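Overview (structure and organization)
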Amino acid sequence: MNTPDETAVDSPSAEIQPADHRAALDAIERAWTTIAPLQGARLREAIRSTPEEEWRGRPRILLALAASHRSIGSRSRSAALPWFRGVAKAIDADPAMPLDVRAGYHVHLAASLRTLGNFVVAHEHLEVARTMIETDITESISARISLSAEFSLELGLIRIHYGEYDQAQFALGLASGLSEEHLSVAQRVECASALAYVAMLLGDFTLADEHLSVAVELSDGTDLMTSSFAALAQITRLQLALERDEVLGGVAPLIDSVRLATRGSDWEALGWFAEANACLADRRYIEVLDLLARITRLVEGFTGQPTLPGAVASLRAETMRSLGQPQEARRLSAPLVPTPRHIQCPGRVLALVHLAAGEPEAALDALGPCLALGDLHSERTMPHVHAIVAAAHLALGDAARADIAFDRALLAAGRNGSVWMFATLDPDVLRHLLDRAAQRDQPPVIRASLERLLGSAVDSVHQLAEPLSDRELVIVRHLATGQTLGQIGSQLYISVNTVKSHVRSIYRKLQATSRREAMARVRQLGLHIDD
């Protein structure tokens, strides 16, 4: 057995190590809100490397352990709950604990419950935190402001799930205003991502781009853009690309980014919904229905009244309409109620069904609530309303009102660079409306929209510099049916790589960057792809 050397210099003995442990734990208590989201696993390792008796009675350390399970790379949505129970027991044993522990417990537990889809109980914890923050004046003003910023961020995120976008924007705006001094980098990215998503839904694409830039800049040097903190940013990126039909590098990389950021979080179902929109734009209707079924199963366990199930029903109705099932589309869309500001606007689907059935007056009736809402309607979906109204008036022989509605659609779409809504109209009707609009004096923003929709300058003759080959025409007709490249290859007895080569050549000749744009272009050229 070794015996102490009386003359030796003191070594790191039992008298020194506890002090080192306490210093490390003190440092963690001061900085855990910044460290936990970025390095959750390392934080847990650092805490557990100290004797448990040193930290099990320190509620801030338990809070840090709980919050570390929402960090980059963490996928277990329930692992935090036992640690929160430990914090709750500590608070019960000492109700006079500082406000940052008592209110912080409720705010961070709300965040974890939100990721589990338990929005009702999460909201209840936030309300408890709100009362504490507003009534307890023993804490410093700075600490109370930090808690208010965290509370506002979490409240805004729950409001998004509930489809209460104006209230979400207000709460997130408050959090953003306090973020520089009172939120961690991860929370600031989460806030900017959520603001981008709300701005996109409300139709302010420029503001959405600005918030996205903030999120990307804040994430520099970290992996935050691949985490749930940036899930809404990645969803917004994909949705904006679809809205503008600008997926130049293909939609697959954007979908991969959405899947990575949303996986295992409360935004996973919303990520699938964005992916379903991408499939719909590419006419992959069966994949849309499969994704919607997966979303329905996932959100079945959510509490409260999230808005996503209504959006799923509306997109399912639109898909059935596109599949040539108007009665099913009518059945699905008829009972749906628009959300505030008509972010979800099921009347548009019903109106398109009526138009296809030769019922333009019924189409206008279906859009009555949209027109009554007027300027308060989401700018993102209002251009679609105007476009459908234009088609309905044209069918009724009222060309003057059709021209006014179509110009309004072009103007609203031009401000955001959005074009998707025009692809829902009958190609012949759309071409007639475009030709009439091209003959009128138009401001530059409408002229730009016309040129983009027509594929070139509106006064030019639309001819291909290099015609499509017979084989390419066959593949174009298959593309128009919504088949995948693999399915096309199987039917034509050629490899997928050969199909891809033909598709690249088709896109080059048509000067198109997506399947939807290519289909619009060949219809303009009168190639009769539906034969």
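Quick caveat, the model's predicted, so the values are computed rather than measured.

Once that is clear, we can look at the packing of aromatic side chains. Taken as a whole, this structure holds five aromatic pairs when the rule is applied. When the ring of Phe-119 is compared with that of Phe-302, the centres are 5.2 Å apart and the planes differ by 75°; the resulting orientation is edge-to-face. Pair noted here: Phe-119 is in helix H7 (residues 119–135) and Phe-302 is in the loop between helix H15 (285–299) and helix H16 (308–322), with a separation of 183 residues, a long-range link. With respect to burial, Phe-119 and Phe-302 carry one shared label: buried.

Trans peptide bonds make up the majority, and among non-glycine residues the majority have a negative phi. Although it is not a glycine, Arg-283 sits at a positive phi angle of roughly 60°. Here Arg-283 is to be found in the loop between helix H14 (268–281) and H15. Even without a glycine there, the phi angle at Arg-341 is positive, about 65°. Note that Arg-341 resides in the loop between helix H17 (326–333) and helix H18 (347–356).

In this structure the tally under the stated criterion is 28 salt bridges. Between Arg-114 and Glu-154 there is a salt bridge, and its shortest N-O distance comes to 3.0 Å. You can see Arg-114 sitting in helix H6 (residues 99–115) and its partner Glu-154 sitting in helix H8 (residues 141–161), a full 40 residues away along the chain. On the accessibility criterion, Arg-114 (1% relative accessible area) is buried. Between Asp-403 and Arg-436 there is a salt bridge; the shortest N-O distance is 2.7 Å. With Asp-403 in helix H22 (residues 399–416) and Arg-436 in helix H23 (residues 427–438), this residue pair connects regions lying 33 residues apart in the sequence. A single network of salt bridges, built from pairs that share partners, joins Arg-70, Arg-114, Glu-154, Glu-190 and Asp-266.

With that settled, the discussion passes to the nonpolar core. By size, the foremost hydrophobic cluster in this structure holds 104 residues, and its most contacted members are Ile-160, Tyr-197, Leu-232, Ile-295 and Leu-308. Per-element accounting of this core gives the leading share, 13 residues, to helix H10 (residues 185–202). Every residue in contact with Ile-295, bar those within four places of it in the chain, is listed here: Ala-269, Trp-272, Phe-273, Leu-308 and Val-312. Among the nonpolar cores identified, the runner-up in size contains 36 residues, and Cys-345, Leu-350, Ile-388 and Ala-392 belong to it.

Bringing empty space enclosed by the protein into the picture now. This model, assessed by the stated rule, comprises four cavities of 30 Å³ or more. By volume, the largest cavity amounts to about 200 Å³. As for the largest cavity, its lining consists of 19 residues, and the residues nearest its centre are His-69, Arg-70, Ser-74, Ser-228 and Gly-264. Residue composition of the lining of the largest cavity, by class: three nonpolar, twelve polar and four charged. Within this model, the second largest cavity holds a volume of roughly 140 Å³. Lining of the second largest cavity is provided by 15 residues; of these, Pro-37, Arg-70, His-108, Gln-187 and Phe-229 occupy positions nearest its centre. Residue assignment for the lining of the second largest cavity shows that the elements contributing at least two residues are helix H1 (17–38), H6, H8 and H10.

Another point: the domain arrangement of the protein chain. Its domain assignment divides the protein chain into domain 1 (21–206), domain 2 (338–463) and domain 3 (470–525). Computed over C-alpha atoms only, the centres of domain 1 and domain 2 are separated by 45 Å. Taken together, the contact between domain 1 and domain 2 spans nine residues of the former and eight residues of the latter. Both faces combined, the contact of domain 1 with domain 2 buries some 810 Å², and carbon together with sulfur accounts for 54% of it. Ranking the residues of domain 1 by area buried against domain 2 places Leu-201, Leu-202 and Phe-205 at the top, with a combined share of 52%. The tally of links between domain 1 and domain 2 comes to five residue pairs in polar contact (both at pLDDT 80 or more). Sorting the residues of the side of domain 1 that touches domain 2 by element identifies helix H9 (165–182) and H10 as the ones contributing at least two each. Here the element with the most residues in the side of domain 1 that touches domain 2 is H10; it accounts for three residues. Split into classes, the residues belonging to the side of domain 1 that touches domain 2 amount to five nonpolar, two polar and two charged.

This part covers the side chain of His-354. Within the element layout of this structure, His-354 appears in helix H18. Among all residues touching His-354, those that are not within four sequence positions of it are Arg-330, Glu-359, Ala-362, Ala-363 and Ala-366.

The interhelical angle for the contact between H18 and helix H21 (residues 382–395), taken along N-to-C directions, is 20°, at an axis separation of 11 Å. When the interaxial angle is binned, H18 and H21 end up roughly parallel. Helix-helix and strand crossings are classified by hand; for H18 and H21 the assignment is left-handed. Contacts between H18 and H21 involve Arg-348, Ala-351, Leu-352 and Leu-355 on the former and, on the latter, His-384, Val-385, Ile-388, Ala-391 and Ala-392. Of the residues in the contact of H18 with H21, the class split is seven nonpolar, one polar and one charged.

This part takes up a negative patch on the surface. A surface patch of negative charge is lined by Asp-204, Glu-210, Asp-375 and Glu-379. Mapping Asp-375 onto the fold places it in the loop between helix H20 (368–373) and H21.

Glancing now at the confidence of the model for the protein chain. Confidence along the protein chain averages 88 in pLDDT terms, with 92% of residues attaining 70 or more. The secondary structure element of the protein chain with the lowest average pLDDT is helix H28 (residues 515–524), at 74, and the one with the highest is H10, at 97. Note on residues 1–17: pLDDT under 50 across the span, and two contacts to partners over four residues away in sequence or across chains.

This part is about H18. Buried residues dominate H18, accounting for eight of its ten residues. Each element contacted by the buried residues of H18 is listed here: H16, H17, helix H19 (360–366) and H21. Looking one or two residues past H18, Gly-358 carries a phi angle of roughly 75°, positive in sign.

Scoring rules and cut-offs
- Residues numbered from 1 in each chain as written.
- Predicted model: local features only at pLDDT ≥ 70, side-chain atom pairs only at ≥ 80, totals over all residues.
- Heavy atoms only, no water.
- Phe/Tyr/Trp six-rings, centres within 6.5 Å; stacked < 30°, edge-to-face > 60°.
- Helix = DSSP H or I, 4+ residues; strand = E, 2+ residues; numbered from the N terminus.
- Buried < 20%, exposed > 50% of the residue type's maximum accessible area, 1.4 Å probe, protein only.
- Salt bridge = Lys/Arg side-chain N within 4 Å of Asp/Glu carboxyl O.
- Core = buried A, V, L, I, M, F, W, Y, C linked by side-chain atoms within 4.5 Å.
- Contact = heavy atoms within 4.5 Å.
- 1 Å grid on protein atoms, 1.4 Å probe; cavity = no way out; pocket = protein on both sides within 12 Å on 5 of 7 lines; lining within 4 Å.
- Points joined across faces, edges and corners; volume = space filled by probe spheres on them.
- Nonpolar A, V, L, I, M, F, W, Y, C, P; charged D, E, K, R; others polar.
- Domains from an automatic or database assignment.
- Buried area = accessible area lost by both parts, 1.4 Å probe.
- Polar contact = N/O pair within 3.5 Å; in protein donor to acceptor, adjacent residues only side chain to side chain.
- Axes fitted to C-alpha atoms, helices over the stretch in contact; angles between N-to-C directions.
- Parallel < 35°, antiparallel > 145°, perpendicular 65-115°, else oblique.
- Left-handed = near helix turned anticlockwise from the far one by under 90°.
- Patch = residues over 30% accessible without salt bridge, like charges linked within 9 Å, V, L, I, M, F, W, Y side chains within 5 Å.
- Areas by Shrake-Rupley, 256 points an atom, 1.4 Å probe, with all protein chains shown as cover.
- Lys, Arg positive; Asp, Glu negative; His and termini not counted.
- Charge placed at Lys NZ, Arg CZ, Asp CG, Glu CD.
- pLDDT = per-residue confidence, 0-100.

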